[in-house]
Amino acid sequence: MGLVYEAAYYLSRAIGHCCFDYRVINRERIPSEGSLLMAVNHQSFLDPPLVGCASNRDVFYLARKSLSEIPVLGSILPKLNVIPYNQEGSDMSAIKAVIRVLKAGRATLIFPEGTRSKDGSLLPAQPGTGMIVAKTLSPVLPMRIFGAHEAFPKDSFKVKLCPITLVVGEVMYFTQNDCEGDPKVVYKKISDSIMERISALRCPER
């Protein structure tokens, strides 16, 4: 980890524990090395730092390209392993960057839904995740975050200090056979299967 990333990593952990009673269920399921696509539902701006700090390895992230255009923040984001992504249409340059990261044996966090949920419920998966899997055959780790919507919902500027839990599922593996056929159909099918595994995860009572 670089110095800036490491500082953000431990700050995220501290804020998570102090402000949101943050806990990670099945943390031991997160592989410590090798190519890994961490797939999680998207409820809040809190998701990337809290999911990222659940792992003991550095993680790459996709983030709106507009954030990179903000003075100061734009110069910091690359040090946080952020890959700029243009939400207007399919940003193939960002997808190719993610593919390069995965082929280099690194970990990347991705949100199959493509955007934050307005009410906290799960949204349909977009085909982009399936494309990345088909191009890399990287192991996929389904994860589900609970409470982030209640803490910091979309279109709100108020943060509520309430419990947040991340539940880690079992690693999914895909083969070349899973990727044969019409690309559009295959990509959506893979994305849907990942979203189904995310949907099946449940939050244990505290």
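Quick look at the structure, then. (Residues numbered from 1 in each chain as written. Predicted model: local features only at pLDDT ≥ 70, side-chain atom pairs only at ≥ 80, totals over all residues. Heavy atoms only, no water.)

Where empty space is left in the structure can be found by rolling a water-sized probe over the atoms. As a volume, the largest pocket reaches approximately 1400 Å³. Together, 46 residues line the largest pocket, and His-42, Pro-48, Leu-62, Ala-63 and Phe-111 are the ones closest to its centre. Looking at the lining of the largest pocket, the elements with two or more residues in it are helix H1 (3–20), helix H2 (47–52), strand E3 (59–64), strand E4 (82–85), strand E5 (107–110) and helix H5 (128–136). Sort the elements by how many residues they give to the lining of the largest pocket and H1 lands first, with eight residues. For the lining of the largest pocket, the residue count by class is 31 nonpolar, eleven polar and four charged. (1 Å grid on protein atoms, 1.4 Å probe; cavity = no way out; pocket = protein on both sides within 12 Å on 5 of 7 lines; lining within 4 Å. Points joined across faces, edges and corners; volume = space filled by probe spheres on them. Helix = DSSP H or I, 4+ residues; strand = E, 2+ residues; numbered from the N terminus. Nonpolar A, V, L, I, M, F, W, Y, C, P; charged D, E, K, R; others polar.)

Attention shifts here to the environment of Ile-164. If you trace the backbone, Ile-164 turns up in the loop between helix H6 (148–151) and strand E7 (165–168). For Ile-164, a relative accessible area of 0% puts it in the buried group. Along the chain, Ile-164 and Ile-145 lie 19 residues apart, while their C-alpha atoms are 7.2 Å from each other. Each residue touching Ile-164, except ones within four places of it in the same chain, is listed here: Phe-20, Asp-21, Tyr-22, Arg-23, Leu-46, Leu-50, Ile-145, Phe-146, Gly-147, Ala-148, Ala-151 and Arg-206. (Buried < 20%, exposed > 50% of the residue type's maximum accessible area, 1.4 Å probe, protein only. Contact = heavy atoms within 4.5 Å.)

With that settled, the discussion passes to the nonpolar core. Met-143, Ile-164 and Leu-166 are the most contacted members of the largest nonpolar core, which totals 30 residues. Excluding its chain neighbours within four sequence positions, the residues that come into contact with Met-143 are Ile-30, Met-38, Ala-39, Val-40, Asn-41, Val-51, Leu-166, Val-167, Val-168, Ile-198 and Leu-201. Ranked by size, the runner-up nonpolar core spans 27 residues in total, among them Ala-94, Ile-99, Cys-179 and Ile-194. (Core = buried A, V, L, I, M, F, W, Y, C linked by side-chain atoms within 4.5 Å.)

Bringing the packing of H5 against helix H7 (residues 183–200) into the picture now. Interaxial distance between H5 and H7 falls to 7 Å at its minimum, and their mutual angle equals 105 degrees. It follows that H5 is roughly perpendicular to H7 by the angle criterion. Between H5 and H7, the residues in contact are Gly-128, Thr-129, Gly-130, Met-131, Val-133, Ala-134 and Lys-135 and Tyr-187, Ile-190, Ser-191 and Ile-194, respectively. Here the residues of the contact of H5 with H7 sort into six nonpolar, four polar and one charged. (Axes fitted to C-alpha atoms, helices over the stretch in contact; angles between N-to-C directions. Parallel < 35°, antiparallel > 145°, perpendicular 65-115°, else oblique.)

Applying the stated criterion across every chain yields a total of zero disulfides. No disulfide involves Cys-53; its sulfur sits 12 Å from that of Cys-18, the nearest cysteine. For Cys-53, a relative accessible area of 2% corresponds to the buried category. (Disulfide = S-S within 2.5 Å.)

Let us now look at the packing of aromatic side chains. Evaluated as defined, the whole model comprises two aromatic pairs. Taking the ring centre of Phe-45 as reference, the NZ or CZ of Arg-116 above it sits at 3.8 Å. (Phe/Tyr/Trp six-rings, centres within 6.5 Å; stacked < 30°, edge-to-face > 60°. Lys NZ or Arg CZ within 6 Å of the ring centre and 35° of its normal.)

Moving on, we come to the sheet that holds E7. What the seven strands build is an open sheet, ordered E1-E7-E6-E2-E5-E3-E4; its pairing is mixed. The sheet is open, and its two borders are formed by strand E1 (23–25) and E4, each paired with just one other strand. The sheet shows a mean angle of 25 degrees between the axes of neighbouring strands, direction not considered. Judged from the four bridges that link them, strand E6 (residues 140–146) and E7 form a sheet pairing that is antiparallel. Residue pairing across strands places Arg-144 opposite Val-167, the latter belonging to E7. (Pairing = 2+ DSSP bridges.)

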